[in-house]
Amino acid sequence: KQEVTQIPAALSVPEGENLVLNCSFTDSAIYNLQWFRQDPGKGLTSLLLIQSSQREQTSGRLNASLDKSSGRSTLYIAASQPGDSATYLCAVVNTGTASKLTFGTGTRLQVTL
Amino acid sequence: ETGVTQTPRHLVMGMTNKKSLKCEQHLGHNAMYWYKQSAKKPLELMFVYNFKEQTENNSVPSRFSPECPNSSHLFLHLHTLQPEDSALYLCASSQLVWRTIGVYEQFFGPGTRLTVL
């Protein structure tokens, strides 16, 4: 059974700092990995999707990498801003599960002024 | 309306009530999902519908009854719920190609915050 772990569970950084969020998964037989952000009490916003054949994806200040063989992904946020404060979730789709996402518990990020 | 919408946004119900959650997607997708998000637990997939057919029931109790009348609408009918069913219920949709394993991005609605008294 796939298990997804995110470390740290919570993180507080000053504005402008670069930071890395970690995601690890136990079963490397995945189709893709997706990073989401969730604001308090709200739904999820998709940030980046990395296919299993890819190593990384970039969108603006965000860069996500994937090392499928070691079961790891990182989300790099450059020059953090207070508006980046949210919970960040990673999720994987295992092969043969037809888009069934398995989520981690998330990293709650706070960017302070 | 754009994206994925959910109504109501908040719902308080007693254990003997019957209520329904509604989800609508305006993205032209053909797969829809219900997820449950409880405090301090990972998001859990409940149901998956592909081309209006239920393809996944993740051992969900029968007091939750999904309905997908067409590819754009998804309902979750609730009856005789328990206080531990209080959670944020999220709907999502994605594109899917018929009879292939999908690797498509899922788009989420804002959720319905459910409280069972």
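For the structure, see preceding data.
Here we summarise the structure given alongside this text. (Residues numbered from 1 in each chain as written. Chains lettered and ligands numbered in written order. Predicted model: local features only at pLDDT ≥ 70, side-chain atom pairs only at ≥ 80, totals over all residues. Heavy atoms only, no water.)

**Some points on the state of the cysteines**
Basically, it comes down to this: Whenever a pair of cysteine sulfur atoms sits within 2.5 Å, that pair is classed as a disulfide. To qualify as a helix, a DSSP run of H or I must reach at least 4 residues; to qualify as a strand, a run of E must reach at least 2; elements of each kind are numbered from the N terminus. Categorising residues by exposure relies on relative accessible area from a 1.4 Å probe, with only protein chains included: less than 20% of the type maximum marks a residue as buried, more than 50% marks it as exposed, and the intermediate range marks it as partly exposed.
In this structure the tally under the stated criterion is 2 disulfides over all chains. Between the sulfur of Cys23 of chain A and that of Cys90 of chain A lies a disulfide, 1.9 Å long from S to S. Torsion about the S-S bond of the Cys23 of chain A and Cys90 of chain A cystine: about 70°, corresponding to right-handed handedness. You can see Cys23 of chain A sitting in strand S3 (residues 19–25) and its partner Cys90 of chain A sitting in strand S9 (residues 86–94), a full 67 residues away along the chain. Relative accessible area serves as the criterion here: at 2%, Cys23 of chain A is assigned to the buried category. Between Cys68 of chain B, a cysteine without a disulfide, and Cys91 of chain B, which holds the nearest cysteine sulfur, the sulfur-to-sulfur distance is 9.0 Å.

**Some details on the sheet that holds strand S1 (residues 4–7) of chain B**
Hydrogen bonding along the main chain pairs the strands of a sheet, whether they run parallel or antiparallel. All names here are of chain B. Applicable threshold: The rule for pairing is simple: two strands pair if DSSP sees at least two bridges between them. Axis lines are fitted through C-alpha atoms, for helices just across the contact stretch, and the angle between N-to-C directions can take any value from 0 to 180 degrees.
Spatially, the 4 strands line up as an open sheet ordered S1-S3-S8-S7, and their pairing is antiparallel. The strands lining the two open edges of the sheet, one partner per strand, are S1 and strand S7 (64–70). With strand direction ignored, the average angle separating the axes of adjacent strands in the sheet is 20°. With 7 bridges connecting them, strand S3 (residues 18–25) and strand S8 (residues 73–79) associate as antiparallel partners. Note on S8: the bridge partner recorded for Leu21 is Leu76.

**Comments concerning the interface of chain A and chain B**
For clarity, the cut-off: Here, residues are in contact when the closest pair of their heavy atoms is within 4.5 Å. Here the buried area means the combined drop in accessible surface, using a 1.4 Å probe, for two parts upon being joined, counting both sides. When a carboxyl oxygen of Asp or Glu lies within 4 Å of a side-chain nitrogen of Lys or Arg, that pair is called a salt bridge. Within 3.5 Å is the distance limit for a polar contact, defined as a pair of N or O atoms, with the added protein rule that one can donate a hydrogen and the other accept it, and that residues adjacent in sequence qualify only through two side-chain atoms.
Residue-level contacts link 22 residues of chain A with 23 residues of chain B. Both faces considered, chain A and chain B share a buried interface measuring about 1,800 Å² in area, 57% of it formed by carbon and sulfur atoms. Here chain A is connected to chain B by 0 salt bridges. At the boundary of chain A and chain B, one finds 3 residue pairs in polar contact (both at pLDDT 80 or more). Within the residue set of the side of chain A that touches chain B, elements represented by two or more residues are strand S4 (30–38), strand S5 (44–51), S9 and strand S10 (101–103) of chain A. At 5 residues, S4 of chain A tops the list of elements feeding residues into the side of chain A that touches chain B.

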